[in-house]
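Topology and contacts: notes
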Amino acid sequence: TPRVFSGIQPSGGLTLGNYLGAMTRFVDWQERDIETIFCMVDLHAITVWQEPEALRRQTRELAAGFIASGLDPARSILFNQSQVPEHTQLAWIFNCVARMGWMQRMTQWKDKAGKNSQNASLGLFAYPALMAADILVYHATHVPVGEDQKQHVELTRDIAAKFNHDYGVDFFPETEPVIEGAATRVMSLRDGSRKMSKSDPSDMSRINLTDDADTIANKIRKARTDPEPLPSDAEGLAERPEARNLVNIYAALAGTDVAGVLADHGGQPFSVFKPALAELSVEKLAPISSEMARLMEQPDEIDAILSKGAEKARVIAAPVLKRTYEIVGMVGA
Ligand code: AQP
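Source: prediction; values computed, not measured. (Residues numbered from 1 in each chain as written. Predicted model: local features only at pLDDT ≥ 70, side-chain atom pairs only at ≥ 80, totals over all residues.)

Along its length, the chain carries 13 helices and five strands. Its C-alpha atoms give the chain a radius of gyration of 21 Å, within 12% of the compact-globule value 20 Å for 333 residues. Taking the principal axes of the C-alpha coordinates as reference, the chain spans close to 70 × 45 × 40 Å. Looking at the chain alone, contacts between residues at least 24 apart form 76% of all its contacts between residues at least 6 apart. (Helix = DSSP H or I, 4+ residues; strand = E, 2+ residues; numbered from the N terminus. Rg over C-alpha atoms; globule rule 2.2 N^0.38 Å. Contact = placed C-beta atoms within 7 Å.)

Looking now at the site of the ligand. Residues in contact with the ligand amount to 21 residues; listed here are only the nearest, G17, G21, G146, S197 and S199. The element that contributes the greatest number of residues to the shell around the ligand is helix 1 (residues 16–31), accounting for four residues. For the shell around the ligand, the per-class residue count stands at five nonpolar, 12 polar and four charged. (Near = placed C-beta within 6 Å. Nonpolar A, V, L, I, M, F, W, Y, C, P; charged D, E, K, R; others polar.)

Attention now moves to the domain arrangement of the chain. Parsing the chain into structural domains produces domain 1 (3–184 + 298–328) and domain 2 (210–294). A separation of 30 Å is found between the C-alpha centroids of domain 1 and domain 2. Listed by partner, the interface residues are 11 residues for domain 1 and nine residues for domain 2. Broken down by secondary-structure element, the contributors of at least two residues to the side of domain 1 that touches domain 2 are helix 1 and helix 3 (52–68). Counting residues per element, the side of domain 1 that touches domain 2 draws most heavily on helix 3, at four residues. Taken together, the residues that form the side of domain 1 that touches domain 2 break down as six nonpolar, four polar and one charged. (Domains from an automatic or database assignment.)

Let us now look at the packing of helix 3 against helix 12 (residues 270–296). Relative orientation of the contacting elements helix 3 and helix 12 amounts to 130°, with a least axis distance of 9 Å. With respect to each other, helix 3 and helix 12 are oriented oblique. The chirality of how helix 3 crosses helix 12 is right-handed. Facing R60, E61, A64, G65, I67 and A68 of helix 3, the residues of helix 12 in contact are I288, E291, M292, L295 and M296. Residue classes in the contact of helix 3 with helix 12 are distributed as seven nonpolar, one polar and three charged. (Axes fitted to C-alpha atoms, helices over the stretch in contact; angles between N-to-C directions. Parallel < 35°, antiparallel > 145°, perpendicular 65-115°, else oblique. Left-handed = near helix turned anticlockwise from the far one by under 90°.)

Dropping the structure here:
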């Protein structure tokens, strides 16, 4: 039976990239009446420094963002990673299954560790083993993610396969990354070659779900573009990453595709298209941001939802960990 798992780091505010690449997809899965489990991965977030107070607020804000976007705690399991200790327990086993060389090849590691990798945390290096544990402790079969996480889900499959092979079992399933939608890779508004990211130092590079209407309009107006008007077909966007990004965002928000957007807006200069995009963005995001603000006034309710979610998650995770310990040869499992 299919089971969906995915997570988002509370490492900053939610961006339009997280929303279009991940959260709208999560809601689609929930609406298909498939078992869905979504996690605020706070243990992943601390692989780079987080101020404790900020981490607490960001975790609650992420939970509020999930709920405001349409995830329903009665139909999906919503919880915080550190409240389900089986994730880290299984991650240790996977640290012993995964190879250093596999981790060294991860592009996220290379990007985030940068040139000074000796100074990166050990946790940042081991990140993909914890992510494999997040997924496999639920025997999840499908993982909806943005394009940037594909490599980590593939590594999850490698870890599962090596575990099954080394111990001669058929225990962990093969997990599918599911990368769908018009905006699987939303790019920075300042640089069409970099993805929109919550940890980009420039706030102008991204749209945050908490931005107000004026801020959104201003960021879109200032977004980097070339001087040409929009082309009439998708091919005309091939060498124009910034223009393509804005068209992709429009398509995803409007629930259409690039051809559909260009049929209506092809030939328009950015002085016409950008205000249309700003208006659509505000129309779609304003209800979410006001619902998030409302939920954030009741942090105790958010905490209660997360605790209840963690209890439900442990009902699934605990037996998987126990069986893993038995397979590995731990006495008392
Ligand atoms: N720009 C993006 N376009 C499409 N999808 C995206 N995702 C992130 N950025 C984009 C998807 O959002 C989910 C959660 O991501 P994450 O927070 O766990 O980690 P990340 O991919 O590292 O996201 P950020 O925003 O760039 O965070 P930082 O800056 O802290 O590293 C994933 O499914 C991801 O694909």
